[in-house]
Amino acid sequence: MRQPKVDFVLNCWSEPIELIKITTSVVDYRNVRTEEIINFKGVIQPLKAEQINIKPLETRSWKWFMIHTRAEIAINTNDKIEIDGKEYKVMDKNNYSRNGFYEYHIVESYE
């Protein structure tokens, strides 16, 4: 079943968002943290209770959010990100580009 095009709605609701993608690698036996700033327009909102209920039991009490954007963001599942000074882990990435948007589920970092 095809979903309606929502790009018009996203145009109206979107606001500028600055996201920092965090990458950690080992260099000379030390952890090195690299940050990449990604600017885009989108909407961040909490996940609905029904959506949280299907997440793994041990993660349900954490703060879950979804990001909707018209353009694909250079982040993937399991990436660490920071928005407004809080760290999150990307838990889900959904490509609904046929309907005019992308959706990401993020959870407040627990590590």
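Described below are features of the structure shown in this document. (Residues numbered from 1 in each chain as written. Predicted model: local features only at pLDDT ≥ 70, side-chain atom pairs only at ≥ 80, totals over all residues. Heavy atoms only, no water.)

### Thoughts on the overall build of the protein chain
Selection criterion: Per the convention used, a helix needs a DSSP run of H or I reaching at least four residues, while a strand needs a run of E reaching at least two, with both numbered from the N terminus. Per-residue accessibility, obtained with a 1.4 Å probe over protein chains only, is compared with the maximum for each type, and a residue is labelled buried under 20%, exposed over 50%, and partly exposed between these values. Here, residues are in contact when the closest pair of their heavy atoms is within 4.5 Å. Under the convention used here, a 1.4 Å probe and the Shrake-Rupley method define accessible areas, while residue burial counts only the protein chains that appear.
If you tally the helices and strands in the protein chain, you get 2 helices and 6 strands. Listed by position from the N terminus, the elements making up the protein chain come as α-β-β-α-β-β-β-β. Looking at the protein chain as a whole, 35% of its 111 residues are labelled buried. For the protein chain, the share of sequence-separated contacts (at least 6 apart) that also reach a separation of at least 24 residues comes to 52%. Per element, the accessible surface of the protein chain, about 7,500 Å² overall, is 50% carbon and sulfur.

### Some points on the sheet that holds strand 4 (residues 80–83)
Note the cut-off: Should DSSP find at least two bridges between two strands, the strands are regarded as paired. The axes are straight lines fitted to the C-alpha atoms, using for helices just the contacting stretch, and the angles between their N-to-C directions are given from 0 to 180°.
Spatial strand order, 1-2-3-6-5-4: 6 strands in a closed barrel with antiparallel pairing. Between one strand axis and the next, the sheet turns by 40 degrees as a mean value, whatever way the strands run. Examined bridge by bridge, strand 5 (residues 86–96) and strand 6 (residues 101–108) share 8 bridges and lie antiparallel to one another. Paired with Val90 across the two strands is Ile106, which belongs to strand 6.

### Considering the packing of aromatic side chains
Test applied: Only rings of Phe, Tyr and Trp enter the pairing, Trp through its six-membered ring, and a pair is recorded when the two centres are within 6.5 Å. The plane angle decides the type: under 30 degrees is stacked, over 60 is edge-to-face, the rest tilted.
The full count for this structure, using the stated rule, is 2 aromatic pairs. Seen in terms of ring centroids, Tyr96 and Phe101 are 5.1 Å apart; in terms of plane orientation they differ by 40 degrees. Their pairing is tilted. The exposure class assigned to Tyr96 is partly exposed, which follows from its relative accessible area of 27%. Phe101 sits in the buried class, given a relative accessible area of 8%.

Note that every value here comes from positions in space, so none of it alone points to a role or purpose.
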